[in-house]
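Chain by chain, the residues run as shown.
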Amino acid sequence: MTETQAASNGEVWKLDLDHTRLPPLVEVRRWCGRVLVHLSEAHLSDVLLAAVEMLTNAYDHGGGARQVRLSHARRSCSVRIEVDDHTAERPRVVGSGRADQKRGRGVILLDRLADDWGTRDLPEGGGKCVWAVISCSGSQRVPCRSAGGLPQVTPRSAARVPSTTSADGTRWDV
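Numbers given for residues are sequential positions, taken from 1 along each chain in its written order. Since the coordinates come from a predicted model, pLDDT governs what is reported: local features require at least 70, and pairs of side-chain atoms require 80 or more to be given and counted, while whole-chain, interface and lining totals use all residues. Side-chain measures were taken over the full set of non-hydrogen atoms in the model, leaving aside hydrogen atoms and water.

Draft legend 1. Examining the overall build of the protein chain more closely. When helices and strands are counted, the protein chain shows three helices and eight strands. Along the protein chain, helices and strands appear, N-terminal first, in the series β-β-α-α-β-β-α-β-β-β-β. When accessible area is computed with a 1.4 Å probe and restricted to protein chains, residues below 20% of their type maximum are described as buried, those above 50% as exposed, and intermediate ones as partly exposed. Counting the 174 residues in the protein chain, one finds 45% classified as buried. Nonlocal contacts in the protein chain, meaning residues at least 24 apart in sequence, comprise 59% of its contacts between residues at least 6 apart. Looking at the protein chain as shown, the accessible area adds up to about 9,200 Å², and 50% of this sits on carbon and sulfur atoms. Strands are runs of DSSP state E lasting at least 2 residues, helices are runs of H or I lasting at least 4, and numbering of each runs from the N terminus. In this analysis, two residues are considered to be in contact whenever any of their non-hydrogen atoms come within 4.5 Å of each other. Each accessible area is a Shrake-Rupley result for a 1.4 Å probe, and residues are judged covered by the shown protein chains and nothing else.

As structure tokens, then:
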């Protein structure tokens, strides 16, 4: 695993996982907690749960994860999670999400946690990116703590990649 820290120029936090065979769930949870220290406990818990579900799906259905990226839009108090994998197959609900089922709850859980989520093809010739946006305005969440000198974390520069705008006006690079 290779980690890239966010710089003050607005880069996202990146964790390369391309040559891992088993999902490094504990390591990814620790990494998320380390780079998102300014989130409230409830917001961070939801981000961690979504990230682990997305990562697990990448290993179970996507041939393994390539990279995990995080970015934080402070103005809208939202975190964007992106997980790249090796297949173009889109996530789908395989069950009803009932607790007595062994599978089929991950995408349902992601849909309930995230304000918005989706997929896009990777330009490198194969694979996809599954992304989710989780804001602090969800159930029992409080606004993010003041950053007090932490660098502003925003999506990648719009000069390098196309972008989209969420319903709340937040601009995300895609």
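Draft legend 2. Layout of the pairing of strand S5 (residues 116-121). At least two bridges found by DSSP between two strands is the condition for calling them paired. Of the strand pairs in this sheet, S5 and strand S6 (residues 128-135) are connected by six bridges, and their pairing is antiparallel. Bridge pairing in S6 places Asp116 opposite Val133.

Draft legend 3. Examining the packing of helix H1 (residues 25-35) against helix H2 (residues 41-61) more closely. Between N-to-C directions, angles cover 0 to 180 degrees, with each direction set by a line fitted to C-alpha atoms, over the stretch in contact for helices. Remark: H1 packs on H2, axes separated minimally by 10 Å, with the N-to-C direction vectors making an angle of 145°. As for how H1 packs across H2, the hand of that crossing is right-handed. Here Leu25, Val28, Arg29, Cys32 and Gly33 of H1 lie close against H2, whose contacting residues are Leu44, Leu48, Ala51, Val52, Leu55 and Thr56. Definitions for this section: a left-handed crossing has its near helix turned counterclockwise from the far helix by less than a right angle. A right-handed crossing has that turn clockwise.

Draft legend 4. Expanded view of the pattern of salt bridges. Salt bridges are counted wherever a side-chain nitrogen of Lys or Arg sits within 4 Å of a carboxyl oxygen of Asp or Glu. Counted under the stated rule, the structure contains six salt bridges. One salt bridge connects Arg69 with Asp84, and the closest N-O pair in it is separated by 2.8 Å. With Arg69 in strand S3 (residues 65-73) and Asp84 in strand S4 (residues 78-85), the pair connects residues that are 15 residues apart, well separated along the chain. Residues Arg69 and Asp84 agree in their burial class; the two are buried. Between Arg90 and Asp121 there is a salt bridge whose closest N-O contact spans 2.7 Å. Taken together, the residues span a long stretch of sequence, with Arg90 in the loop between S4 and helix H3 (106-113) and Asp121 in strand S5 at a distance of 31 residues. When salt bridges with common partners are traced through the structure, they connect Arg69, Arg80, Glu82, Asp84 and Arg120 into a single cluster.

Draft legend 5. Molecular detail of the environment of Leu122. Secondary-structure assignment places Leu122 in the loop between S5 and S6. Leu122 gets classed as buried once you look at its relative accessible area, which sits at 8%.

Draft legend 6. Structural context of H3. All buried positions along H3 are accounted for by Gly106, Val107, Ile108, Leu110 and Leu113. Close packing links the buried residues of H3 with H2, S5 and S6.

Draft legend 7. Region of interest: the side chain of Asp84. What makes Asp84 buried here is its relative accessible area of 7%. Polar contact criterion, stated in full: a pair of N or O atoms within 3.5 Å, where within protein one must be able to donate a hydrogen and the other to accept it, and residues adjacent in sequence count only if both atoms are side-chain atoms. A polar atom in the side chain of Asp84 sits 2.8 Å from the side chain of Arg69. If we skip the residues at most four places from it in the chain, Asp84 touches Gly64, Ala65, Arg66, Gln67, Arg69, Leu122, Lys128 and Cys129.

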